[in-house]
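# Observations on the three-dimensional arrangement
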Amino acid sequence: MINKVANIINEMLEETGQDKVENFDPSMSLRDELNLDSLMLAELTVRLEDEFGVDIFEDGVVRTLGEVIAKLEGK
Amino acid sequence: MKWVIVTGDSKGLGKEIVGKILSDTEFGVVGISRSNEESVKELLDKYPNRFKHISFDLEKVADIKELYIKQIRKIGPIYGLVNNSAYAYDDIVSNLNVENLERMYKVNVFSPMHLTKYAIRDMLLNKIEGSIVHISSVSAHTGYKGLSMYASTKGAMEAFSKNTAREWGARGIRSNCVVPGFMETSMSASLTNEQKDRIYKRTSMKKETDVESVANSVVFLLSEKARSITGTAIHVDNGTI
């Protein structure tokens, strides 16, 4: 799961001319450490929804990679 | 093929917009209205591959997510959205009925916002620089007795459009409004001839707004020709100034 999400994030970073992230950790902040702004988070949301059928922001804010994984796993 | 969603496709301005998109562009059209397929049979027969009609009541705001996931997204990538459907609850404000007002806000404001949400999400997923057009009303700019509540729904959508334009412009997604004057459609059917004449006299050109001129403006804003136009409103109202 974390690898799939990491691949999507790296694809997005690459598309916006940013450096890819080598080591992902569940504690990483989406905004501060992975450099995702609100529009990129919106794009991440639709890409994850397309892949996993879950809208991660539908019922609250998610801040870290670990929280994204928890939403996708339905926890 | 890329698709444009048009709400209120079964009559009046909506039907005219659908016809113009199908005749003047290469987009497919997903038409949404409460009416069944019979009301749009002519268009379905003429454009069997480029026109799809979905019967849906836009008062059911909470069902729009399912409408998008189960029906709209299966048709194809969304390029455009024309929020044209509207419910007219006309009365002086001292007679305000909350159920009618809520129904009007669901159809005229909440559903268009929800459709915009899913249209933009679809554009993000498919990397499409799309165009959104909301149909407003001259009543949001010039006062008419009995239209304060209706006009407020249109004013809400104009503010929404300007701000979504700002929000998504960096992704190439545009949002604009077309502001028609009074047209001879079912929306104005309850007005008497005397009331209509009074309204038309307030325009520079002293007559009703031409439906085709409004539809042409919508198709223009959808098109690549309008690629530098966003966050604005085009008034097609015979000069109500």
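Residues numbered from 1 in each chain as written. Chains lettered and ligands numbered in written order. Predicted model: local features only at pLDDT ≥ 70, side-chain atom pairs only at ≥ 80, totals over all residues. Heavy atoms only, no water.

For chain B, the name recorded in an unreviewed UniProt entry is 3-oxoacyl-[acyl-carrier protein] reductase, with Salirhabdus euzebyi as its organism. Here chain B is described in UniProt, under the heading Subunit (unreviewed entry), as follows: "Homotetramer." Quoted verbatim from the Sequence similarities (unreviewed entry) field of the UniProt record, the comment on chain B reads "Belongs to the short-chain dehydrogenases/reductases (SDR) family." (UniProt positions renumbered as here; feature names shortened; annotations may be inferred.)

Under an unreviewed UniProt entry, the name given to chain A is Acyl carrier protein, and the organism recorded is Salirhabdus euzebyi.

Moving on: the pairing of strand E2 (residues 28-33) of chain B. All names here are of chain B. Of all 6 residues making up E2, 6 are buried, and the element is well covered by its neighbours. Residues of E2 alternate between two faces, with Gly 28, Val 30 and Ile 32 on one and Val 29, Gly 31 and Ser 33 on the opposite face, all of them buried. Once the chain exits strand E1 (residues 3-7) it traverses helix H1 (residues 12-24) before rejoining the sheet at E2, and the crossover so formed is right-handed. By the bridge criterion, 5 bridges tie E2 to strand E3 (residues 51-55) in an arrangement that is parallel. Residue Val 30 lies in a different strand from E3, and its bridge partner there is Lys 52. (Buried < 20%, exposed > 50% of the residue type's maximum accessible area, 1.4 Å probe, protein only. Helix = DSSP H or I, 4+ residues; strand = E, 2+ residues; numbered from the N terminus. Right-handed = clockwise from strand over helix to strand, strands pointing away. Pairing = 2+ DSSP bridges.)

Close contact between helix H2 (residues 38-52) of chain A and helix H4 (residues 98-126) of chain B brings their axes to 9 Å; oriented N to C, the two are set at 80 degrees. As summarised for this structure, H2(A) and H4(B) are arranged roughly perpendicular, according to the angle between their axes. For the pair H2(A) and H4(B), contact is made by A:Ala42, A:Glu43, A:Thr45, A:Val46, A:Arg47, A:Glu49 and A:Asp50 and by B:Arg121, B:Leu124 and B:Leu125, respectively. (Axes fitted to C-alpha atoms, helices over the stretch in contact; angles between N-to-C directions. Parallel < 35°, antiparallel > 145°, perpendicular 65-115°, else oblique. Contact = heavy atoms within 4.5 Å.)

The subject of this paragraph is unusual backbone geometry. All names here are of chain B. The phi dihedral of Lys 206 is positive, around 60 degrees, even though this residue is not glycine. Note that Lys 206 resides in the loop between helix H6 (193-201) and helix H7 (211-222). Lys 206 gets classed as exposed once you look at its relative accessible area, which sits at 54%. Look at Asn 238: it is not a glycine, yet its phi comes out positive at around 60 degrees. Its location among the elements puts Asn 238 in the segment after strand E7 (233-236).

This next bit is on a nonpolar patch on the surface. A grouping of B:Val93, B:Leu96 and B:Val98 is seen on the molecular surface, where their side chains present a nonpolar patch of about 250 Å² in accessible area. Take B:Val93: it is sitting in the loop between strand E4 (78-83) and H4. (Patch = residues over 30% accessible without salt bridge, like charges linked within 9 Å, V, L, I, M, F, W, Y side chains within 5 Å. Areas by Shrake-Rupley, 256 points an atom, 1.4 Å probe, with all protein chains shown as cover. Salt bridge = Lys/Arg side-chain N within 4 Å of Asp/Glu carboxyl O.)

Moving on: the layout of surface pockets. Computed from the structure, the largest pocket encloses a volume of approximately 1,200 Å³. Around the largest pocket sit 47 residues that line it, and B:Ala86, B:Ala88, B:Tyr150, B:Met187 and B:Ser188 are the ones nearest its centre. Looking at the lining of the largest pocket, its residues break down into 19 nonpolar, 18 polar and 10 charged. Put simply, the second largest pocket is a space of about 550 Å³. If you trace the second largest pocket, you find 26 residues lining it, with A:Ser38, A:Ala42, A:Phe57, B:Arg121 and B:Trp168 closest to the centre. Contributing elements (two or more residues each) for the lining of the second largest pocket: H2 of chain A together with H4 and helix H5 (148-168) of chain B. Broken down by element, the lining of the second largest pocket gets its largest block of residues, 7 residues, from H4(B). (1 Å grid on protein atoms, 1.4 Å probe; cavity = no way out; pocket = protein on both sides within 12 Å on 5 of 7 lines; lining within 4 Å. Points joined across faces, edges and corners; volume = space filled by probe spheres on them. Nonpolar A, V, L, I, M, F, W, Y, C, P; charged D, E, K, R; others polar.)

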